[in-house]
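# Chains, contacts and geometry: an overview
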Amino acid sequence: MVLKDIFTKDNSLIDRTSGAADRPLPLADPLNRFSALVVDIIILFPVISLLISGIKRRQEISEWLSNEFATGKFLLSYIIVIFLTVLFYQTVSIALFGATPGKLFFNIRVVSIWDRTKPNWGSAFTRGVYWCLGAMLLLFPHLAIIYHRQRRPIYDRLADTIVLGQERYSVSPPDYRLSGVLKGILTGFYIFIIVSFISKVTSEPGDREVLPFGSTLFAKPQVDSCNVIETTLPKGHRAKKTNRLSQSLNLFAAGILEEDCLDKEADNELWNGKPSVQAYAAKALAFNAEPSVYEKYQKKVCSMPNATDYCLLLKAKKYDGISPPTKLNAQYQKLTNSLYPDIQLWALQHWMRVNNFTKALGLIEKLELTSSLGPFLGLQKLKALWQIEEKETARLALFTFLPNVGHQTGLITSAWFCYEESLRECGPAQKRICDWFNDHLKQFQNKDLPTMVALSVVRSTECAQEPLKNANDFFAAIDNNETRSLITRVTSKHKRESFYSWQSLFLQNSLQPQNKSEVGFRWLSTAKSPTDLSAIKIAWEREKWNLGDHGIAMAKELQKRLIQEDRYQEAKEVGSFISTSVGPLTRLPASSPPPRKMGKNKK
Amino acid sequence: MIFPWFKDMFMPSLVKTPVTWCLIYIMLIAFFLTATQSLLMDRQMQNIFSDKLFLQTQGLLYSRFLNSQPNKASPLIKAKADQALRGDRNALRIMGFYALRDPQFFYKYNTAKTGQDDVAKKVWRKKIKELREIISMHPTYEMGFYSYNTDWTRAITYQFVHGGAMHLFGNAFFLLIVGSYLEPVIGGAALLVGFLFTGFFGALFYTVLGGTLSLAPMIGASGSVSGLIGLFGAVFWRQPVRFIYLTLFKRGYCGWIYLPTWIFLLHRMAFDLAGYMSSTPELGTSIAFSAHLGGLGMGLILGYILFGWSKATSQSVFSH
């Protein structure tokens with residue numbers, strides 16, 4: 001390779017192209033060079049299509065068979081074939097004719113800078129290699145044709161070549177200023193890419209997803225989400241009693257198993273075994289989102305003998321989200337006494353939802369004897385204990401519970417308690433559990449963060465009065481857009497003052513109960529006027545059954561604010577909602593009026 | 001961008017190229033007569049296939065059907081059916097779609113009325129009946145060519161039916177290009193025979209090279225247009241023909257160029273060959289490359305037999 005053109009101090013070429021010499025070189029017009037490239041692409045396209053057809057076929061078969069399919073593997077094969085074809089085309093045509101067919105068509109030639117003859121094989125090959133590398137960088141290095149004084153991109157300079165055209169169609173070297181500006185912009189762009197790359201590579205391992213080298217190009221082993229059935233099937237004396245379908249129904253009721261996995265297990269029993277009530281019920285539950293199919297399976301279940309419990313469950317579940325959950329209490333009371341653990345789990349979820357924690361605790365005790373869903377039941381028990389104001393018992397139970405469960409459950413549980421403690425009071429108790437939560441969080445790769453975890457991170461940093469660390473990475477790691485937009489809004493330094501209507505809309509339209517309650521808390525903390533409080537009260541009335549686990553905490557906060565504003569009647573309404581579930585904890589003063597605000601006394 | 005461009009191409013003339021324009025008119029009329037019905041039927045079919053329970057049940061039944069006939073399916077399809085039977089839900093849905101290609105299953109298979117998942121089977125029986133009715137009335141299926149069907153009248157009718165406006169436009173445009181060159185030289189009757197015969201031969205090739213007998217219909221004039229391109233290549237083998245090229249919208253970068261026809265022929269052949277080689281016949285493609293290749297090859301042979309290489313003079317081509 002001849003590099004003397006790059007390092008030489010000989011300015012004769014520059015002189016000649018810039019017109020310092022008697023006769024300037026006829027530099028090829030960039031438009032001609034672009035058009036020549038188009039013609040070359042037209043010629044090469046069918047050839048490359050033919051050459052890669054075999055790889056394409058293999059890719060199609062691989063996709064069809066779902067064989068650890070890696071797009072990167074085929075992409076790499078495509079790049080290699082195209083690279084070699086273009087290199088061959090460039091080298092042979094330039095070494096033999098001094099131009100590619102496209103260049104011949106537009107009457108431009110590649111010549112050696114030293115003697116203006118066609119380049120030798122070495123130069124043609126070098127030029128071809130760097131041309132292809134430049135093309136792989138999205139043709140950015142080729143843009144030097146516009147700004148370089150001799151219109152020579154890096155491949156021309158490395159191969160000691162120059163592209164010349166006919167005298168009458170040639171162009172002069174680019175203007176110094178324009179050339180400088182364009183070069184500056186491109187250099188800036190290159191620096192930006194390099195700096196971004198280096199910062200990505202050298203960022204702290206905890207802040208980014210750690211993947212083995214090359215894993216972005218090659219296939220990652222797919223994790224079958226249905227494997228959870230095998231991993232949670234009880235061992236020992238319980239194993240005989242629990243079959244796969246029962247376990248799948250339990251896991252589905254606990255929200256651990258996906259619909260598709262339940263459907264698969266039900267199909268397995270229906271098509272390969274003896275169709276049972278449980279299998280038909282599982283099909284109905286798996287098609288919960290499709291009412292017409294759900295109804296067909298529900299009718300089938302109800303028409304079968306010994307299917308009273310499942311029939312009742314499916315009838316009750318049909319009205320989930322349609323009517324207020326308290327209207328289904330009678331049905332779920334019957335289901336509480338069912339012998340099937342999965343039906344009891346649905347009943348447990350109902351009691352937790354309607355905030356009847358006493359009933360929920362009773363059911364958990366019963367379930368702990370029959371079900372193998374220890375961590376799930378443990379978490380529900382802790383939540384129920386917390387809600388019935390057995391806070392110290394809940395805290396003690398929490399610290400015995402956390403070391404004995406898996407990381408995922410540990411993270412979710414600690415996140416839930418960190419959030420609740422942060423809502424209650426920022427202090428030593430809150431700090432202890434939030435530290436525990438942060439320790440759990442560090443053990444995870446920061447990606448696909450659930451809403452509960454993301455909200456706890458925000459609340460704990462607020463309590464610690466610290467700014468959010470690596471905010472951009474954190475936002476990117478949140479697993480859903482709704483939570484991301486909510487957190488971006490609440491952590492924004494430039495909060496908009498008039499965003500009450502947004503909060504009301506969010507409460508109505510949000511799909512995540514935790515986000516709903518978070519918005520409710522934030523709204524309450526910023527409400528200044530009685531009108532704001534009225535708006536919150538109306539929104540709460542509408543959404544009180546959809547606020548998830550933190551609904552009670554929000555109701556208490558709302559009740560507190562209403563009492564402060566002397567709105568006893570409304571406070572009583574909220575209080576009655578709380579007392580039906582967790583007992584009359586916040587009592588209104590019977591005889592003496594509540595203490596008035598200092599400001600009002602002054603008036 | 002570069003393709004042949006006859007200077008009087010867009011001047012419909014019943015004197016110079018009557019057959020070419022008649023063929024285009026017939027294709028247009030066929031399209032407008034069938035478009036509404038096709039659209040309606042397509043929507044109904046989409047509704048049926050958007051039913052997850054139907055699709056999964058069909059996939060399961062079809063996989064079991066293939067399993068019961070070990071020698072019938074190709075190894076690739078069998079492998080997918082095995083995946084579906086092992087519980088891969090995605091494979092199950094793919095097999096549900098794929099069942100539509102198998103005439104034996106689609107028209108003849110029926111389930112026992114009781115046992116196994118009664119609800120799913122009832123839904124499937126109802127929907128498959130609807131689907132069979134839709135397909136029996138669908139213009140594409142009524143006039144299209146199937147590799148499993150020996151009704152060779154369809155090998156003619158399929159050439160005039162198109163699946164969409166862009167499909168029709170592409171074929172009509174290339175028919176116009178090639179027809180306006182060919183018809184004045186070889187005559188309208190020869191062009192019509194060439195169009196129909198090469199299209200017929202394309203269908204034959206599609207059946208032979210298709211791999212499996214499929215219920216998926218082949219439609220469109222692309223096989224016949226490829227045949228005419230073959231004929232065009234044979235007749236004007238080395239004659240310089242006018243092409244239009246466009247690299248930039250600027251004077252000097254677009255215009256006319258005279259190139260021998262074999263370049264165009266080779267270009268087209270390379271694309272079709274690449275398409276054919278990159279597709280797996282059992283899995284099917286949206287473009288019938290085998291029909292293109294069959295038509296093109298037949299056009300070349302026909303041109304050679306009837307007219308010999310380069311019999312047409314450049315004078316006859318450019319005398320218009």
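Note: the structure precedes this text.
Below is a short write-up of the structure. (Residues numbered from 1 in each chain as written. Chains lettered and ligands numbered in written order. Predicted model: local features only at pLDDT ≥ 70, side-chain atom pairs only at ≥ 80, totals over all residues. Heavy atoms only, no water.)

### Comments concerning the state of the cysteines
Residue and element names in this part refer to chain A. The line we're drawing: Whenever a pair of cysteine sulfur atoms sits within 2.5 Å, that pair is classed as a disulfide. A run of DSSP states H or I qualifies as a helix once it reaches four residues; a run of E qualifies as a strand once it reaches two. Both are numbered from the N-terminal end.
Throughout the structure, instances matching the rule amount to four disulfides over all chains. One disulfide bridge connects C226 with C261, the sulfur atoms lying 2.1 Å from each other. Where C226 bonds to C261 through sulfur, the torsion about that S-S bond is close to -80 degrees, and the disulfide is left-handed. Separated by 35 residues along the polypeptide, C226 in the loop between α9 (176-202) and α10 (228-232) and C261 in helix α12 (residues 259-272) bring together distant segments of the chain. Each sulfur in the disulfide pair C418 and C434 lies 2.1 Å from the other. Classification of the bridge connecting C418 and C434 rests on its S-S torsion, roughly 95 degrees, and on that basis the disulfide is right-handed.

### Concerning the sheet that holds strand β2 (residues 240-246) of chain B
All names here are of chain B. Put simply, the rule is: Criterion used throughout: strands pair if DSSP finds at least two bridges between them. To get an axis, a line is fitted to the C-alpha atoms, and for a helix only the part in contact is used. The angle between two axes follows their N-to-C directions and goes from 0 to 180 degrees.
Read from one edge to the other, the open sheet built from three strands follows the order β1-β2-β3, with strand pairing classed as antiparallel. Unpaired on one side and paired on the other, β1 (2-4) and β3 (254-260) mark the two borders of the sheet. Across this sheet, the average inter-strand angle for adjacent strands is 35 degrees, counted without regard to direction. Two elements, β1 and β2, share three bridges in a ladder whose sense is antiparallel.

### Quick look at the packing of aromatic side chains
Residue and element names in this part refer to chain B. Condition: Ring pairs are drawn from Phe, Tyr and Trp, using the six-membered ring of Trp, whenever the two centres fall within 6.5 Å, and their geometry is named by plane angle: stacked under 30 degrees, edge-to-face over 60, tilted for the rest. Relative accessibility decides the category of a residue: with a 1.4 Å probe and only protein chains considered, values under 20% of the type maximum give buried, values over 50% give exposed, and everything between is partly exposed.
Per the counting criterion, the structure on display carries 40 aromatic pairs over all chains. When the centroid spacing of 5.5 Å and the interplanar angle of 70 degrees are considered together, the rings of F65 and Y109 count as edge-to-face. Linking F65 in helix α2 (residues 52-68) with Y109 in the loop between α5 (103-108) and α6 (118-137), this pair joins segments that are 44 residues apart in sequence. Ring plane angle 50 degrees and centroid distance 6.0 Å describe the contact between F105 and W124, whose orientation is recorded as tilted. One end of the pair, F105, is in helix α5; the other, W124, is in helix α6, and 19 residues separate them in sequence. Judged by relative accessible area, W124 falls into the buried class, the value being 0%.

### Focus: a positive patch on the surface
Just so we agree on the cut-off: Think of a patch as exposed residues, more than 30% relative accessible area, with no salt bridge, where like charges cluster within 9 Å and nonpolar side chains (Val, Leu, Ile, Met, Phe, Trp, Tyr) cluster within 5 Å. Accessible surface is estimated by sampling points in the Shrake-Rupley manner with a 1.4 Å probe; for residues, cover comes only from the protein chains shown. Here, a salt bridge means any Lys or Arg side-chain nitrogen found within 4 Å of an Asp or Glu carboxyl oxygen. Only four residue types enter the charge count: Lys and Arg as positive, Asp and Glu as negative, with His and the chain ends excluded. Working definition for charges: the position is that of NZ of Lys, CZ of Arg, CG of Asp or CD of Glu.
A cluster of basic residues, K296(A), K299(A), K122(B) and K126(B), forms a positive patch at the surface. For the positive patch, the elements supplying multiple residues, two or more each, are α14 (291-303) of chain A together with α6 of chain B. Here K126(B) is to be found in helix α6.

### Overview of the pattern of salt bridges
Across all of its chains, the model carries 19 salt bridges over all chains by this definition. For D263(A), the salt bridge is made with R89(B), and the minimal N-O distance between the two is 2.7 Å. With one member in each of two chains, D263(A) in helix α12 and R89(B) in helix α4 (residues 89-98) form a pair that bridges those chains. Of the two residues, D263(A) and R89(B), neither departs from the other in class, the shared state being buried. Residues participating in the shared-partner salt-bridge network are D263(A), D267(A), K283(A) and R89(B).

### Notes on unusual backbone geometry
Residue and element names in this part refer to chain A. For L139, which is not glycine, the phi dihedral falls at a positive 65 degrees. Within the secondary structure, L139 sits in the loop between α6 (121-136) and α7 (144-147). The backbone of N306 sits at a positive phi, close to 55 degrees, despite the residue not being glycine. Topologically, N306 is positioned in the loop between α14 and α15 (308-318). Its relative accessible area of 70% is what places N306 among the exposed residues.

### Let's talk about the environment of Y245(B)
Inclusion rule: The criterion used for residue contact is that any of the two residues' heavy atoms lie within 4.5 Å.
By the secondary structure assignment, Y245(B) is in strand β2. The class of Y245(B) is buried, set by a relative accessible area of 14%. Excluding residues that lie within four positions of it along the chain, Y245(B) makes contacts with F105(A), M1(B), I2(B), G252(B), Y253(B), C254(B), G255(B), W256(B) and I257(B).

### Let's talk about the nonpolar core
Convention followed: Buried residues of nine kinds, namely Ala, Val, Leu, Ile, Met, Phe, Trp, Tyr and Cys, make up a nonpolar core once their side-chain atoms join them within 4.5 Å.
Membership of the largest hydrophobic core comes to 152 residues, with the highest contact counts inside it found for L348(A), F474(A) and L131(B). F31(B), L228(B), Y245(B) and M298(B) belong to the second largest nonpolar core, which has 42 residues in total.

### Observations regarding the packing of helix α11 (residues 222-235) of chain B against helix α13 (residues 289-307) of chain B
Residues and elements named next belong to chain B. Here is the rule: Helix crossings fall into two classes, left-handed where the near helix is turned counterclockwise from the far one by less than a right angle and right-handed where it is turned clockwise. Three residue categories are used. Nonpolar comprises Ala, Val, Leu, Ile, Met, Phe, Trp, Tyr, Cys and Pro, charged comprises Asp, Glu, Lys and Arg, and polar comprises the others, including Gly.
Where α11 meets α13, the closest approach of the two axes is 6 Å, and the angle between their N-to-C directions is 35 degrees. At the point where α11 passes α13, the crossing takes the right-handed sense. Contacts from S222, G223, S226, G227, I229, G230, L231, A234 and V235 of α11 reach α13 at A291, H292, G295, L296, G299, L300, L302, G303, Y304 and F307. Residues belonging to the contact of α11 with α13 are distributed by class as follows: ten nonpolar, nine polar and no charged.

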